[in-house]
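Each chain is listed here by its residues.
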Amino acid sequence: MKFRGVVALSVSLCASMWVTAVASPVYVEKVDMPMQATMTEVKNVLHDGGYKIVLHLNILKLIQLQQKHLKIPDFNARKFTDVQALVFCNPYDFSKLLNADWPAAAGCPLTLDVFSKGANSYIVYGLRADFANTPASKKITQSFDHAVIKVLQEIPMSRQISKIPDLSGK
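So, how was this worked out
- Residues numbered from 1 in each chain as written.
- Predicted model: local features only at pLDDT ≥ 70, side-chain atom pairs only at ≥ 80, totals over all residues.
- Heavy atoms only, no water.
- Pairing = 2+ DSSP bridges.
- Helix = DSSP H or I, 4+ residues; strand = E, 2+ residues; numbered from the N terminus.
- Axes fitted to C-alpha atoms, helices over the stretch in contact; angles between N-to-C directions.
- Contact = heavy atoms within 4.5 Å.
- Core = buried A, V, L, I, M, F, W, Y, C linked by side-chain atoms within 4.5 Å.
- Buried < 20%, exposed > 50% of the residue type's maximum accessible area, 1.4 Å probe, protein only.

Enquirer: Hey, could you go over the sheet that holds strand β5 (residues 120-126) for me, with residue numbers and the actual values?
Expert: With respect to topology, six strands assemble into an open sheet ordered β2-β3-β4-β5-β1-β6, the strand pairing being antiparallel. Strands at the two margins of the open sheet, each flanked by one partner only, are β2 (52-58) and β6 (158-160). Strand-to-strand twist across the sheet, computed as the mean angle between neighbouring axes with direction ignored, equals 20 degrees. Across seven bridges, strand β3 (residues 82-89) lies against strand β4 (residues 110-117) in antiparallel orientation. If you follow D82 over to β4, its bridge partner there is S116. This element, helix α3 (residues 59-70), spans β2, β3 and β4 of the sheet and lies at about 40 degrees to β2. Helix α5 (residues 135-152) rests against β1 (26-31), β3, β4, β5 and β6 of the sheet, and its axis sits at about 165 degrees to β5.

Enquirer: Talk me through the nonpolar core; I want residue IDs and the actual numbers.
Expert: For soluble globular proteins, the rule of thumb is that nonpolar side chains tend to be buried together. One finds L112 and Y125 to be the most contacted residues of the largest nonpolar core, which totals 26 residues. The set of elements that each furnish at least two residues to this core consists of β1, α2 (35-48), β3, β4, β5 and α5. Here the element with the most residues in this core is α5; it accounts for six residues. If sequence neighbours within four positions are ignored, Y125 has contacts with P25, V26, Y27, F88, L110, T111, L112, F144, D145, V148 and L152. One finds I59, I63, V83 and I161 within the second-largest nonpolar core, a separate group that totals 15 residues.

Shown next as C-alpha cells:
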C-alpha cells in the first residue's frame, strides 16, 4: 500500500510539473548529458550548496515495475529513458520558514525531477514562492528558489530553457 502511494504521488508530481505555461511555476534546465552523469552533477552541486538529499526515487522504474498491475494507458508515451526525483532540504532554511509561517513549511523539503531522453536530461524544479502565506514567508521562499536555481546553474553543460520542448518523438 505504501508503494502504491509513492507511485501515485510520483506520477502526480511528474504530470503536474510538465503542465506549464510561459509564466511557469517551474524552473527548467536542459543538460547535455545522460541521466547518470546528470544525477551525479545534480547531487554534487546540491551538496556543495548546503543541501541534504533526503530521498532519491527512480520514478520511471518504480512505475514500470508496477505497470502489470497499474495498467496505465499510454504510459511513458514520450519515451523517456529515465525519470528520477530528488527530495532535498537545507535544514537552516527549513527552520527559518517553520518559524516564520509554519503552514508554508509544507514547501519543504524541496523536490526536483530529472527527465532523460538519450543523451539529454531536463531538470525540473518546482518553485516554492506560492507556498507563502505572509510577506515574511514569501521572502524566505523566494530566497529558496533563488538559491536552488543558482546552485543548479553550476551544473556543467546545462542551460535554462523557457520553452518546454515537445519531446513526443513525432
